[in-house]
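# Residue-level structural notes
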Amino acid sequence: MQRNRRKRTARAGKQNVGKKAEGKSSSILNPGRKAPNFSLNSTPDQKVSLKDFRGQPVILAFYPADWSPVCTDQLSLYAMVMPEFKKFNAELLAISVDNIWSHLAFAKDRKLNFPVLSDFEPKGKISRQFGAFKEKIGESARALFVIDQDGIVRWSHLSPDGVNPGAEGILSALEQLNAPKAQ
Amino acid sequence: MRLFRTMSTTTATRHSRRPKKTLLEPTSKETYDAPKLVVPVDPNRDHVQGDPKAVLTLVEYGDYQCPFCGAAYPEVKKVQKELGSKLRFVFRNFPLTNIHEFAMTAAETAEAAGAQGKFWEMHDFLYEHQATLGDNSVALGYAKRLGLDAQRFEREIAQHVQEKRIKDDFMGGVRSGVNGTPTFYVNGVRHDGPAETDALVESLRTKS
């Protein structure tokens, strides 16, 4: 698992180029792997780094695009379930390739109560590192990761196209983390 | 406004047998298990329409202010008509209060009517008068026409007597994989197809 971590991460990114992933396993970063650190803008002049949250669980929600015109989207639901995530002292970071100004307007409109990060330049770089980038359409996949207090991926999930995964998988994964601490 | 359905249709296509070359990466598993209802139907607690012992069960998690739920409302009526006594229909609350400012009060309104035995009447009224949500006098007028104790009705809404029940519905829905409104469960399994009569009836018949 630990061997050649860097190389394997790079390969996970390459797998996504061109051909269909092999076998049943999905190409996203699997449980047991160290989550690559990143630093992305949450506002025009503020960056958020994954390592800032070491010591507490982090939920990463990669999603294709801001402004999906449905009655409720995945992130609106998460904003409502946020108090439940907080019971596990977990932080939620949403990530897409939209630019920061779009994110700000989107977060305000949907009343999102967590950082929405912009994987904009170089486009999709961080999404790729998690194996969660769709090269042909240039968007992040709808992929979820629960990362533990030591920065290790403990659960990951890639949704089929068009299926909003809801919040249940995240809550189950948080419950299974060792010693969830009350805040 | 119909994009949600369009997305559902896409999903159905994706999981059909037809071998499909997807152009997208990463490639996820081609099939997935639809989430299951983790809070079983309890006729002592739930609002159940139809024979409580019917062989088929349709559960809806809905929001009175959601336009998609409003569109699904007549579809459910048609499903009920088509399946008759074979079907029981259960409605649970899933108010999306961060985007629908009147959803919580509307849910409390239906539950307050329910406390006096008129849940379904108010449920139907709210869906048939979605445009009036936000003007509480409209539902109050209807409550009076139904012969409800208006003082008690108004007091229960104002004091949020039903709030806990509604929040319990919501969290039970989250744990069952509700991912938007309306979300339907057909015999305990999430229905990811369109919220339309034919699709619901077919799903009910095949999953029985």
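Only a predicted model underlies this, so the values are computations on that prediction, with no experimental measurement involved.

### Some remarks on the overall build of chain B
- Counting its secondary structure elements, chain B contains eight helices and five strands.
- Reading the secondary structure of chain B in the N-to-C direction produces α-β-β-α-β-α-α-α-α-α-β-β-α.
- Expressed as a percentage of its 208 residues, the buried residues of chain B come to 41%.
- Here the analysis covers contacts within chain B between residues at least 6 apart in sequence; of these, 74% occur between residues at least 24 apart.

### A closer look at the overall build of chain A
- Counting its regular elements, chain A contains five helices and nine strands.
- Secondary structure elements of chain A, listed N to C terminal, follow the sequence α-β-β-β-α-β-α-β-α-β-β-β-β-α.
- Per-residue burial for chain A yields a buried fraction of 43% across its 183 residues.
- Contacts spanning at least 24 positions in sequence make up 66% of the contacts within chain A whose residues lie at least 6 apart.

### Re the nonpolar core
- Ranked by size, the top nonpolar core spans 94 residues in total, and within it Leu60, Ala61, Phe62, Ala94, Ala143 and Phe145 of chain A together with Leu58 of chain B carry the most contacts.
- If sequence neighbours within four positions are ignored, leucine 58 of chain B has contacts with Val79, Leu87, Phe89, Phe184, Val186, Leu200 and Leu204 of chain B.

### A short note on the confidence of the model for chain B
Residue and element names in this part refer to chain B.
- When pLDDT is averaged along chain B, the result is 88, and 84% of the positions lie at 70 or above.
- Within the model, the stretch residues 1-25 combines pLDDT values under 50 with 35 contacts to residues more than four positions away or in other chains.
- Interface confidence for the predicted complex, given as ipTM, is 0.78, next to a pTM of 0.82.

### Details of the environment of threonine 57 of chain B
Residues and elements named next belong to chain B.
- Within the secondary structure, threonine 57 is located in strand β2 (residues 56-62).
- Spatially, the C-alpha atom of threonine 57 lies 8.6 Å from that of lysine 86, the residues being 29 residues apart in sequence.
- Excluding anything up to four places from it in sequence, threonine 57 contacts Val41, Arg88, Val90 and Asn187.

### Some remarks on the sheet that holds strand β3 (residues 87-93) of chain B
Residues and elements named next belong to chain B.
- Spatially, five strands are ordered β1-β3-β2-β4-β5 in an open sheet, and the strand pairing comes out mixed. The open sheet has two free edges, formed respectively by β1 (47-49) and β5 (189-191), since each of these has just one partner strand. Taken over all neighbouring pairs, the strand axes of this sheet differ in orientation by 30 degrees on average, direction set aside.
- Pairing of β2 with β3 involves seven bridges; the strand directions are parallel. In the strand pairing of β3, tyrosine 61 is matched with arginine 92.
- In the packing of helix α2 (residues 67-83) onto the sheet, contacts are made with β2 and β3, and the angle to β3 comes to roughly 160 degrees.

### Considering unusual backbone geometry
- The omega torsion across glutamate 121 of chain A and proline 122 of chain A is -5 degrees, close enough to zero to call that bond cis.
- Here proline 122 of chain A shows up in the loop between β5 (116-118) and α4 (125-129).
- With an omega of -5 degrees, the peptide bond running from threonine 181 of chain B to proline 182 of chain B counts as cis.
- Within the element layout of this structure, proline 182 of chain B appears in the loop between α7 (163-175) and β4 (183-186).
- For asparagine 89 of chain A, which is not glycine, the phi dihedral falls at a positive 60 degrees.
- By the element assignment, asparagine 89 of chain A lies in the loop between α2 (74-86) and β4 (91-96).

### Observations concerning α2 of chain A
All names here are of chain A.
- Taking 1.5 Å as the rise per residue, α2 with 13 residues should run 18 Å; its terminal C-alpha atoms sit 17 Å apart, in good agreement.
- Methionine 80 marks the point of greatest bend in α2, at about 55 degrees, and the proline proline 83 comes within the next four residues.
- All of the buried residues along α2 are Gln74, Leu75, Leu77, Tyr78, Ala79 and Met80.
- Turning to α2, the residues buried within the fold contact β3 (58-62) and β4.

### A short note on the pairing of β4 of chain B
All names here are of chain B.
- Residues Thr183 and Tyr185 of β4 are buried on one face, and the alternating residues Phe184 and Val186, pointing to the opposite face, are buried as well.
- Of the strand pairs in this sheet, β2 and β4 are connected by four bridges, and their pairing is antiparallel. The residue of β4 that forms the bridge with valine 59 is tyrosine 185.
- By the bridge criterion, three bridges tie β4 to β5 in an arrangement that is antiparallel. If you follow phenylalanine 184 over to β5, its bridge partner there is histidine 191.

### A short note on the confidence of the model for chain A
Residue and element names in this part refer to chain A.
- Counting all residues, the mean pLDDT for chain A is 84, and 80% of those residues have values of 70 or more.
- When pLDDT is averaged over each element of chain A, β5 comes out on top at 98 and helix α1 (residues 5-14) at the bottom at 41.
- Here residues 1-26 is a poorly scored stretch, pLDDT under 50, and it has 31 contacts once near neighbours within four places are set aside; other chains count.

### Thoughts on the packing of helix α3 (residues 103-114) of chain B against α7 of chain B
Residues and elements named next belong to chain B.
- In contact at an axis separation of 9 Å, α3 and α7 are set at 115 degrees when each is read in the N-to-C sense. Taken as axis vectors, α3 and α7 run roughly perpendicular relative to one another. Relative to α7, α3 is oriented so that their crossing is right-handed. Between α3 and α7, the residues in contact are Ala107, Glu108 and Glu111 and Glu163, Arg165 and Ile166, respectively.
- Looking at the contact of α3 with α7 residue by residue, the classes come out as two nonpolar, no polar and four charged.

Thresholds applied
- Residues numbered from 1 in each chain as written.
- Chains lettered and ligands numbered in written order.
- Predicted model: local features only at pLDDT ≥ 70, side-chain atom pairs only at ≥ 80, totals over all residues.
- Helix = DSSP H or I, 4+ residues; strand = E, 2+ residues; numbered from the N terminus.
- Buried ≥ 20, exposed ≤ 12 C-beta atoms within 10 Å, placed from the backbone.
- Contact = placed C-beta atoms within 7 Å.
- Core = buried A, V, L, I, M, F, W, Y, C linked by C-beta atoms within 7 Å.
- pLDDT = per-residue confidence, 0-100.
- Pairing = 2+ DSSP bridges.
- Axes fitted to C-alpha atoms, helices over the stretch in contact; angles between N-to-C directions.
- Expected span 1.5 Å × (residues − 1).
- Bend = angle between axes of the 7 residues up to and from the residue.
- Parallel < 35°, antiparallel > 145°, perpendicular 65-115°, else oblique.
- Left-handed = near helix turned anticlockwise from the far one by under 90°.
- Nonpolar A, V, L, I, M, F, W, Y, C, P; charged D, E, K, R; others polar.

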